[in-house]
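Chain by chain, the residues:
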Amino acid sequence: MIGEPAVRPDWEIGAPRLLLPELIDLPAGSFRMGASADDKFATETERPAHRVTFSRSFAIGRYPVTVGEYRCYSPGHEPEIPESWPAVGVSWHDATAYCGWLAGVTGRPFRLPTEAEWEYACRAGSVAAFATGSDIGPALANYLYSEAGERIGFGRRTPVGTYPPNSFGLHDLHGNVCEWVADAWHPNHAGASPDGAARLGARSARRVIRGGAWDHLPRLLRSAWRDALPPDARRDNVGFRLAASPEE
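Residues numbered from 1 in each chain as written. Predicted model: local features only at pLDDT ≥ 70, side-chain atom pairs only at ≥ 80, totals over all residues. Heavy atoms only, no water.

Draft legend 1. Highlighting helix H3 (residues 92-106). Here H3 spans 21 Å end to end across 15 residues, near enough to the 21 Å set by a 1.5 Å rise per residue. Among the residues of H3, those classed as buried are Trp 92, Asp 94, Ala 95, Tyr 98, Cys 99, Leu 102, Ala 103, Val 105 and Thr 106. N-cap assignment for H3: the residue whose side-chain oxygen lies 3.4 Å from the backbone N of His 93 is Ser 91. Directly after H3, the chain includes Gly 107, whose backbone phi takes a positive value near 80°. (Helix = DSSP H or I, 4+ residues; strand = E, 2+ residues; numbered from the N terminus. Expected span 1.5 Å × (residues − 1). Buried < 20%, exposed > 50% of the residue type's maximum accessible area, 1.4 Å probe, protein only. Polar contact = N/O pair within 3.5 Å; in protein donor to acceptor, adjacent residues only side chain to side chain.)

Draft legend 2. Layout of the sheet that holds strand S1 (residues 23-26). With antiparallel pairing, 4 strands are arranged side by side in an open sheet as S1-S4-S10-S5. Looking along the sheet, the strands with just one partner apiece sit at the ends: S1 and strand S5 (110-111). For strand S4 (residues 58-61) and strand S10 (residues 243-244), the ladder comprises 2 bridges, and the chain directions are antiparallel. If you follow Ile 60 over to S10, its bridge partner there is Ala 243. Packed on one face of the sheet, helix H4 (residues 115-123) meets S1, S4, S5 and S10 and runs near 75° to S4. (Pairing = 2+ DSSP bridges. Contact = heavy atoms within 4.5 Å. Axes fitted to C-alpha atoms, helices over the stretch in contact; angles between N-to-C directions.)

Draft legend 3. Up close: the confidence of the model for the chain. For the chain, the average pLDDT comes to 93, and 93% of its residues sit at 70 or higher. Scored below 50 in pLDDT, residues 1-15 shows 27 contacts in the model against residues more than four places distant or in partner chains. (pLDDT = per-residue confidence, 0-100.)

Draft legend 4. Broad picture of the packing of aromatic side chains. Per the stated rule, a full pass over the model turns up 13 aromatic pairs. Between Phe 54 and Phe 58 the ring centres are 5.2 Å apart and the planes differ by 55°, which places this aromatic pair in the tilted class. Look at Phe 54 and you get buried, because its relative accessible area is 6%. The exposure class assigned to Phe 58 is buried, which follows from its relative accessible area of 3%. Seen from their ring centres, Tyr 73 and Tyr 98 are 5.9 Å apart, and the 80° between their planes marks the pair as edge-to-face. Here the residue Tyr 73 occupies a position in the loop between helix H2 (67-71) and H3, and Tyr 98 occupies one in helix H3, the gap between them amounting to 25 residues. What makes Tyr 98 buried here is its relative accessible area of 0%. Grouped by ring-pair contacts, the aromatic residues Phe 31, Phe 54, Phe 58, Tyr 120 and Phe 168 constitute a single cluster. Seen from the ring of Phe 154, Arg 156 lies directly overhead, with NZ or CZ sitting 5.2 Å from the centre. Directly above the ring of Trp 92 sits Arg 207, whose terminal nitrogen or CZ lies 4.1 Å from the centroid. (Phe/Tyr/Trp six-rings, centres within 6.5 Å; stacked < 30°, edge-to-face > 60°. Lys NZ or Arg CZ within 6 Å of the ring centre and 35° of its normal.)

Spelled out as structure tokens, the structure:
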């Protein structure tokens, strides 16, 4: 687990407390990214399934960035919302700016995860539709409707860590909020890098979101599910989590 980075003295003088997102080191390894052939909810955007190998470990947030953590960067953000809820109303540009700000304050190489890193973290070794197996239930994730259309969720965000972690110790990768990742949108996985690097594009290109949200159906919480938004879009169900490459 990544320890708390040292905070620069110029932050400590006359500044508010700095809340640091907790990151967990994930091991180097290989996994099959994308939807399996027997996934009845899969779309062509999630294919072809392909092998991705990480030759080095990396770190990723135990939780999505919270309101309290984001307020250290943007003090007026969601003033009526509890600090423990995941931050939303944050564009891709906002999220990358926060990463850059926090990296400058702490000296740690914070960034958004790549799409492949995110799915590796979400699956945590699972090859099923969810890290929990072939199904997921309301005791395991925050989402609104069952596949039958029955309302079973809270209809709002829940504090990070409310639901059990996956086998990597990570929370809320299924549901609660969708999460920005570094990659520009591509309509499928054709041509994706086997080393898990981000697929880049113009600054204005749509950016990938992953994970599903509090107002979604279970099919949109699957590990392989992906969608995209303009990088300046702000939604009440889209947040982000941090990643960091190993320090040299």
